[in-house]
Amino acid sequence: MKSCTQVIAVLLFTIFNCLPNSSYAESKVFFAPAGKVSAMVICEESSYARTYSLFTNGLARMHYDAATQTLDSLKFALLMRSFVTSSPQFAQEWNERRPASGDKEDEVAFVQSEPVKFENGKATIKGQLIIHNIRKDVSFQASINKFGRVSNARDIYDDGAQTLGLSIHTPFKRSDFSLGGGENSSFNDEAILMLDIVAK
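Residues numbered from 1 in each chain as written. Predicted model: local features only at pLDDT ≥ 70, side-chain atom pairs only at ≥ 80, totals over all residues. Heavy atoms only, no water.

Go over the overall build of the chain, please, and point to the residues and values.
Along its length, the chain carries 2 helices and 12 strands. Secondary structure elements of the chain occur, N-terminal to C-terminal, as α-β-β-β-β-β-β-α-β-β-β-β-β-β. Expressed as a percentage of its 200 residues, the buried residues of the chain come to 36%. The contacts in the chain between residues at least 6 apart in sequence include a share of 61% that link residues at least 24 apart. Within the structure as shown, the chain displays about 12100 Å² of accessible surface, and the carbon and sulfur contribution to it stands at 51%. (Helix = DSSP H or I, 4+ residues; strand = E, 2+ residues; numbered from the N terminus. Buried < 20%, exposed > 50% of the residue type's maximum accessible area, 1.4 Å probe, protein only. Contact = heavy atoms within 4.5 Å. Areas by Shrake-Rupley, 256 points an atom, 1.4 Å probe, with all protein chains shown as cover.)

Explain the pairing of strand β3 (residues 50-55) to me, using residue names and the numbers behind them.
The two faces of β3 differ: Thr51, Ser53 and Phe55 on one face are buried, but Arg50, Tyr52 and Leu54 on the other face are not. Across 6 bridges, strand β2 (residues 37-45) lies against β3 in antiparallel orientation. By the bridge assignment, cysteine 43 is partnered in β3 with threonine 51. Inspection of the sheet shows β3 paired to strand β6 (residues 83-85) by 3 bridges, in the antiparallel sense. Along β6, the bridge assignment pairs serine 53 with threonine 85. (Pairing = 2+ DSSP bridges.)

So what about the confidence of the model for the chain? Which residues, and what values?
Of the residues in the chain, 77% reach a pLDDT of 70 or more, and the chain-wide mean stands at 83. Low pLDDT, under 50, characterises residues 5-24; the predicted model gives this stretch 5 contacts beyond four residues in sequence or across chains. (pLDDT = per-residue confidence, 0-100.)

Which residues make up unusual backbone geometry, and what values do they have?
In this structure, glutamine 69 is a non-glycine residue whose phi angle is positive, near 55°. Relative to the helices and strands, glutamine 69 is located in the loop between β4 (58-65) and β5 (70-79). According to the relative accessible area criterion, glutamine 69 is partly exposed, its value standing at 35%. Phi angles above zero are rare outside glycine, and histidine 132 is one such case at about 55°. Looking at the element boundaries, histidine 132 is found in the loop between β9 (122-131) and β10 (134-150).

What follows is the structure, given as structure tokens:
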């Protein structure tokens, strides 16, 4: 027969393990489907002109705690096949070392490495950028554009869905990810990746 001390220990263990993780106790999961993630790559040419390229298909997911203004577990994926640009030369450099992906979609992905707290709507999000199975540490400068309930319904009694609008950008070197940028390129090695995310 178990002693009183053993019973209490078992109860405390059970209660502790049934409690929600404190990291997410007050946070909400936000998801941005295709069409709600706008992504752009900006790269300068040697003549100081700029080339703007877009990803037309992407997804994002994150945890956000409105009470503490803390963002965690941000992940996004941009499909490489949805990459479009007005410059044929830049497109060739971007895709020339693209590996055969088989059945798996080739993508540009990001995984946040640690929670971050926003101050005055601004924060720096650290994590890993993953392209062509190459991982590099990057820091996105981020700003919250909107947070609140947004309704698309005509029903005046509909409160709408809680919505988080997030804008992020980071510089990166194309040569780090086999995306061109060699000595023979007329484009700068460094480019900027920018995203606008609307998640619910």
